[in-house]
Amino acid sequence: LGLASDDGSAAQVAKILGAPVLLVIDGSMMARSVAAMALGYTLYDPEMRLGAVITNKVGGKAHIQWIAEALQLEGEKGRLKDVGTDKPVYFAGALPHDTSASIPERHLGLAMPLETANDEKGTDIILDRYTRLAALVENSIDLDTLLQLGQSCRLSDLPQLPTPQHNLATPKCRIGLADDEAFCFYYMDNLIELVKSGAQLVPFSPLKSKHLPPALDGLYIGGGYPELHAKALEKNVTLRNDVKSFCISGGVVLAECGGKMYLSESLFTSKDTPPAQMCGVLPGIHIRMTPHMKMYYA
């Protein structure tokens, strides 16, 4: 969740690869303090290469100049430097605050790239947003220098890794994989490991498939945004019944986040609409969406 949160963090991976970190800092409420924050990361983990800094949501030219001067000063003092090259941390640019280019957020995630929404003129709002964002990045960030910085990875220092074997095991079981607009949060590495271990993944759509694929040994229903498709999921009664029957009969099911919501009895998407009926595999479990969600460390 953070640059240096725990094992498997971006900082740890960067150190293994000898790669420089590109630190993106929200500059909307600070100026010279950007340098203090960047310096804090280098002091917290002296072995991590901090190669460059980008600030987001900045104001005008004066705001950017204050940030640049502060970073440059710490670099000249020798305190804010890339320990891989011994050069000052590079200020790669600043993205202006532009709500028209902001990607909307929702529960635990962002709007999906393939989603579409049209305004009253028929313009694809989401496509237009990404186009604006790409233009902002191209005009505001020194991409050429960042590409050069990326080529400074010390991959030669890594131990020689064995050549990966791509021999697939003979399929030993069939796993139904929920895969559509409502359930799409999967790590491809996990799916590849399942196939390498002998699983045949059989995709189906809780939104559109009328029945589960035949002769399944298990179900894998990943995360996603079922709350955006609650009514469509509810209307697909035959598929919901198949899922419930499979579970009741003792079938093996892995349901993650949104997938577990799908197994509940019902899903409340707002206080003004009746709940949508789900599979009913988990008796007495009713999911209620809230307008906002905050995450805290325990």
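The model shown is predicted, which means the values in this text are computed figures rather than measured ones.

Peer 1: Looking at this model, I keep getting lost on the overall build of the protein chain. Mind explaining?
Peer 2: Helix and strand counts for the protein chain stand at nine helices and 16 strands. Counting only residues that meet the buried cut, the protein chain has 35% of its 298 residues in that class. Expressed as a percentage of contacts within the protein chain between residues at least 6 apart in sequence, the contacts between residues at least 24 apart total 72%. Entry remark: accessible area of the protein chain is about 18,400 Å², with carbon and sulfur atoms responsible for 58%.

Peer 1: I tried to follow the sheet that holds strand β11 (residues 218–221) on my own but got confused; where do I start?
Peer 2: Pairing between sheet strands relies on hydrogen bonds along the backbone, with the strands arranged either parallel or antiparallel. Reading across from one edge, β10-β8-β11-β13 is the order of the four strands in this open sheet, with parallel pairing throughout. Each of the sheet's edge strands pairs with one partner strand only, and the pair in question is β10 (199–204) and β13 (252–255). The average undirected angle you get between the axes of adjacent strands in this sheet is 20°. Sheet topology note: the strand β8 (residues 173–178)/β10 ladder contains six bridges and is parallel. Residue pairing across strands places Ile-175 opposite Leu-201, the latter belonging to β10. Packing against the sheet, helix α6 (residues 188–196) makes contact with β8, β10 and β11, and its axis sits at approximately 130° to β10.

Peer 1: Hey, could you run me through the packing of aromatic side chains in this one?
Peer 2: Aromatic rings considered in pairs are described by the distance between their centres and by the relative angle of their planes. Throughout the structure, instances matching the rule amount to three aromatic pairs. When the ring of Phe-183 is compared with that of Tyr-262, the centres are 5.3 Å apart and the planes differ by 55°; the resulting orientation is tilted. Pair noted here: Phe-183 is in strand β9 (residues 183–185) and Tyr-262 is in helix α9 (residues 258–263), with a separation of 79 residues, a long-range link. The pair Phe-183 / Tyr-262 is uniform in exposure class, with both members buried. Pairing Tyr-186 with Tyr-220 gives two aromatic rings, centres 5.1 Å apart and planes at 85°, and the pair type is edge-to-face. On the criterion of sequence distance, the pair formed by Tyr-186 in the loop between β9 and α6 and Tyr-220 in strand β11 is long-range, its members being 34 residues apart. The exposure classification of Tyr-186 matches that of Tyr-220, with both residues buried. A cation sits over an aromatic face here: Arg-288 above Phe-268, 4.3 Å from the ring centre.

Peer 1: Explain the pairing of strand β5 (residues 90–96) to me, please; I cannot follow it from the model alone.
Peer 2: On a regular strand, one side chain projects to one face of the sheet and the next to the other, so that they alternate. A large share of β5 lies buried, amounting to five of its seven residues. Relative to β5, strand β2 (residues 50–58) runs parallel, the two sharing five bridges. Note that in β5 the partner of Val-58 across the bridge is Pro-96.

Peer 1: In this structure, what is going on with the side chain of Ser-205? I would like to understand it.
Peer 2: Its location among the elements puts Ser-205 in the loop between β10 and β11. Among the polar contacts made by the side chain of Ser-205, one reaches the side chain of Asp-180 at a distance of 2.7 Å. Those residues in contact with Ser-205 that lie beyond four places of it in its chain are Asp-179, Asp-180, Asn-236 and Leu-239.

Peer 1: What am I meant to see in unusual backbone geometry here?
Peer 2: Negative phi values dominate among residues other than glycine, just as trans dominates among peptide bonds. Even without being a glycine, Lys-57 presents a positive backbone phi close to 60°. Among the residues examined, Lys-57 registers a relative accessible area of 35% and is labelled partly exposed.

Peer 1: Explanation requested: the packing of helix α2 (residues 33–44) against helix α3 (residues 61–76) in the structure shown.
Peer 2: Think of two packed helices as two axes; the pair is described by the angle between the axes and how far apart they sit. With their axes 7 Å apart at the nearest point, α2 and α3 run at an angle of 40° to one another. When the axis of α2 is compared with that of α3, the two are oblique. Helix-helix and strand crossings are classified by hand; for α2 and α3 the assignment is right-handed. Two secondary-structure elements touch here, α2 through Val-34, Ala-35, Ala-38 and Leu-39 and α3 through Ile-67, Ala-70, Leu-71 and Glu-74. Taken together, the residues of the contact of α2 with α3 break down into seven nonpolar, no polar and one charged.

Peer 1: What am I meant to see in the pattern of salt bridges here?
Peer 2: Under the definition given, this model contains 11 salt bridges. Taken together, the shared-partner salt bridges connect Glu-74, Lys-77 and Arg-79 into one network.

Peer 1: So what exactly am I meant to see when it comes to the nonpolar core here?
Peer 2: A general feature of soluble globular proteins is that nonpolar side chains tend to end up buried together. Counting residues in each nonpolar core, the largest one holds 30 residues, and the members touching the most others are Phe-183, Tyr-186, Leu-212, Leu-219, Leu-233, Val-243 and Tyr-262. Where this core is concerned, the elements lending two or more residues are β8, β10, β11, α7 (230–235), α8 (237–248) and α9. Here this core gets four residues from one element, more than from any other, and that element is α8. When sequence neighbours within four positions are dropped, the list of residues in contact with Tyr-186 reads Leu-177, Ala-178, Leu-191, Tyr-220, Ile-221 and Gly-222. With 21 residues, the next largest nonpolar core counts Ala-35, Ala-70, Val-89 and Phe-91 among its residues.

Rules behind the numbers
Residues numbered from 1 in each chain as written. Predicted model: local features only at pLDDT ≥ 70, side-chain atom pairs only at ≥ 80, totals over all residues. Heavy atoms only, no water. Helix = DSSP H or I, 4+ residues; strand = E, 2+ residues; numbered from the N terminus. Buried < 20%, exposed > 50% of the residue type's maximum accessible area, 1.4 Å probe, protein only. Contact = heavy atoms within 4.5 Å. Areas by Shrake-Rupley, 256 points an atom, 1.4 Å probe, with all protein chains shown as cover. Pairing = 2+ DSSP bridges. Axes fitted to C-alpha atoms, helices over the stretch in contact; angles between N-to-C directions. Phe/Tyr/Trp six-rings, centres within 6.5 Å; stacked < 30°, edge-to-face > 60°. Lys NZ or Arg CZ within 6 Å of the ring centre and 35° of its normal. Polar contact = N/O pair within 3.5 Å; in protein donor to acceptor, adjacent residues only side chain to side chain. Parallel < 35°, antiparallel > 145°, perpendicular 65-115°, else oblique. Left-handed = near helix turned anticlockwise from the far one by under 90°. Nonpolar A, V, L, I, M, F, W, Y, C, P; charged D, E, K, R; others polar. Salt bridge = Lys/Arg side-chain N within 4 Å of Asp/Glu carboxyl O. Core = buried A, V, L, I, M, F, W, Y, C linked by side-chain atoms within 4.5 Å.

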